[in-house]
Amino acid sequence: MNKKVVLEESFHVSIVLVSAIVFSLGVMWFLTPAGLYAAGVTGLGQIIQKIILLCTDSKVEIPLGVLTFLFNIPLFIFGWKKVSVRFAVYSLLSVVVQSIFMMGWIPVCDFGIVAMDNQLLYALIGGLVTGLANGVALRFGTSTGGLDIIAQAMSIEKGISIGTFTMVFNCIIALIGGGVLSNAWEISMYTFIRIIISSIVIDKIHTAYNFVRLDIISHHVDEISRRIMEELKRGVTLMSVEGAYTHSQNRDAFVILTSYELATAKKICMEVDPNVFVIIAPAKGTIGRFVRKTIM
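Definitions and cut-offs
- Residues numbered from 1 in each chain as written.
- Predicted model: local features only at pLDDT ≥ 70, side-chain atom pairs only at ≥ 80, totals over all residues.
- Heavy atoms only, no water.
- Helix = DSSP H or I, 4+ residues; strand = E, 2+ residues; numbered from the N terminus.
- Buried < 20%, exposed > 50% of the residue type's maximum accessible area, 1.4 Å probe, protein only.
- Contact = heavy atoms within 4.5 Å.
- Pairing = 2+ DSSP bridges.
- Axes fitted to C-alpha atoms, helices over the stretch in contact; angles between N-to-C directions.
- Parallel < 35°, antiparallel > 145°, perpendicular 65-115°, else oblique.
- Left-handed = near helix turned anticlockwise from the far one by under 90°.

K.L.:
When you look at the overall build of the protein in this model, what are you seeing that I'm missing?
P.N.:
Counting its secondary structure elements, the protein contains 10 helices and 4 strands. The linear arrangement of helices and strands in the protein, starting from the amino end, is α-α-α-α-α-α-α-α-β-α-β-β-α-β. When the 296 residues of the protein are sorted by exposure, 44% land in the buried category. In the protein, of all internal contacts separated by at least 6 residues, the share reaching a separation of at least 24 is 75%.

What follows is the structure in structure tokens.
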């Protein structure tokens with residue numbers, strides 16, 4: 001394994017660790033103290049935890065970390081088969097870190113604010129923090145586990161927005177946890193606010209299936225095109241162009257990418273030709289054989 005690969009893998013592992021810790025702190029510091037529900041499997045774990053407490057008259061409390069880990073095991077297997085092995089392994093690492101941080105040993109930081117009296121504030125901040133953790137993890141080809149694994153598989157296969165998918169599931173969590181179990185519909189309402197904030201942040205950061213068009217004008221188009229086809233596995237169309245002022249002859253490499261691939265494409269262009277001229281424009285979508293790939 002060469003140095004470049006080691007550095008890349010180390011970077012991804014650090015993203016997994018940081019995003020998992022940030023997500024855990026968002027849940028334990030903002031959502032749980034305010035009685036709000038987290039996203040996906042963590043939220044499902046909160047509901048099961050609530051049901052056990054109600055059934056045992058508050059005598060049995062299973063740590064949220066234990067429930068989160070158990071519910072993620074079948075999802076880990078699903079991600080292994082449907083997304084990629086590396087994505088599943090990174091997701092498992094994230095889940096292990098979250099489970100450790102959600103075992104109840106982290107002291108609650110009240111920030112000098114009474115959480116139950118400021119549920120709107122905690123919903124906004126909690127949604128921002130957890131959405132940021134999810135979005136960053138997905139943006140760099142990892143995840144915080146849980147529902148992200150299913151959402152990523154559906155995004156790859158169907159092109160469905162990850163934020164939209166998770167919003168629907170999380171709304172069900174909010175209705176059951178707040179309205180049905182607690183008979184406190186205000187909890188559901190504040191959780192809805194948390195869901196909206198998280199979903200917006202996720203979709204803004206994780207842009208793997210938003211499309212962009214690149215027009216690359218350079219004297220080294222052949223080398224740039226070769227590297228894009230080899231490293232990104234995307235087709236390139238070459239067109240002859242002429243400068244109106246100098247009448248110099250160049251060629252334009254036209255390519256459609258996902259926003260997730262944009263950083264790599266720009267890096268290739270600058271490495272091959274520091275004087276390259278690149279036009280980046282949003283594309284609403286594609287019709288035809290645009291291959292949807294796994295993120296790893």
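After that view, the rundown keeps rolling.
K.L.:
So what exactly am I meant to see when it comes to the side chain of Q98 here?
P.N.:
Mapped onto the secondary structure, Q98 falls in helix α4 (residues 85-101). With relative accessibility at 1%, the residue Q98 sits in the buried group. If we ignore the near neighbours within four places in the chain, the residues touching Q98 are A20, F23, S24, T42 and T144.

K.L.:
What should I look at first to understand the pairing of strand β1 (residues 211-218) in this one?
P.N.:
Regular strands have side chains that alternate between both faces of the sheet. In terms of burial, β1 is largely enclosed, as 6 of its 8 residues are buried. As paired elements, β1 and strand β3 (residues 249-258) share 8 bridges and run antiparallel to each other. Looking across to β3, one finds that I217 is bridged to D252. Across 7 bridges, β1 lies against strand β4 (residues 277-283) in antiparallel orientation. In the strand pairing of β4, I217 is matched with F277.

K.L.:
For this particular structure, what's the right way to read the environment of S199?
P.N.:
For S199, the location among the structural elements is in helix α8 (residues 185-205). You can call S199 buried: its relative accessible area is 5%. On a C-alpha basis, the gap between S199 and L128 in space is 9.2 Å, while along the polypeptide they are 71 residues apart.

K.L.:
Looking at this model, I keep getting lost on the environment of M239. Mind explaining?
P.N.:
On the secondary structure map, M239 appears in strand β2 (residues 237-242). Exposure remark for M239: the relative accessible area of 33% places this residue in the partly exposed category. Apart from the residues within four sequence positions on either side, M239 is in contact with D215, N250, R251, D252 and F254.

K.L.:
Even after reading the chapter, I still don't get the packing of helix α5 (residues 119-139) against α8, so can you show me in this structure?
P.N.:
To describe two helices that pack against each other, one gives the angle between their axes and the distance between the axes. α8 packs onto α5 with a crossing angle of 30° between their chain directions and a minimal axis gap of 7 Å. By the angle between their directions, the pair α5 and α8 is classed as roughly parallel. α8 is crossed by α5, and the crossing has right-handed handedness.

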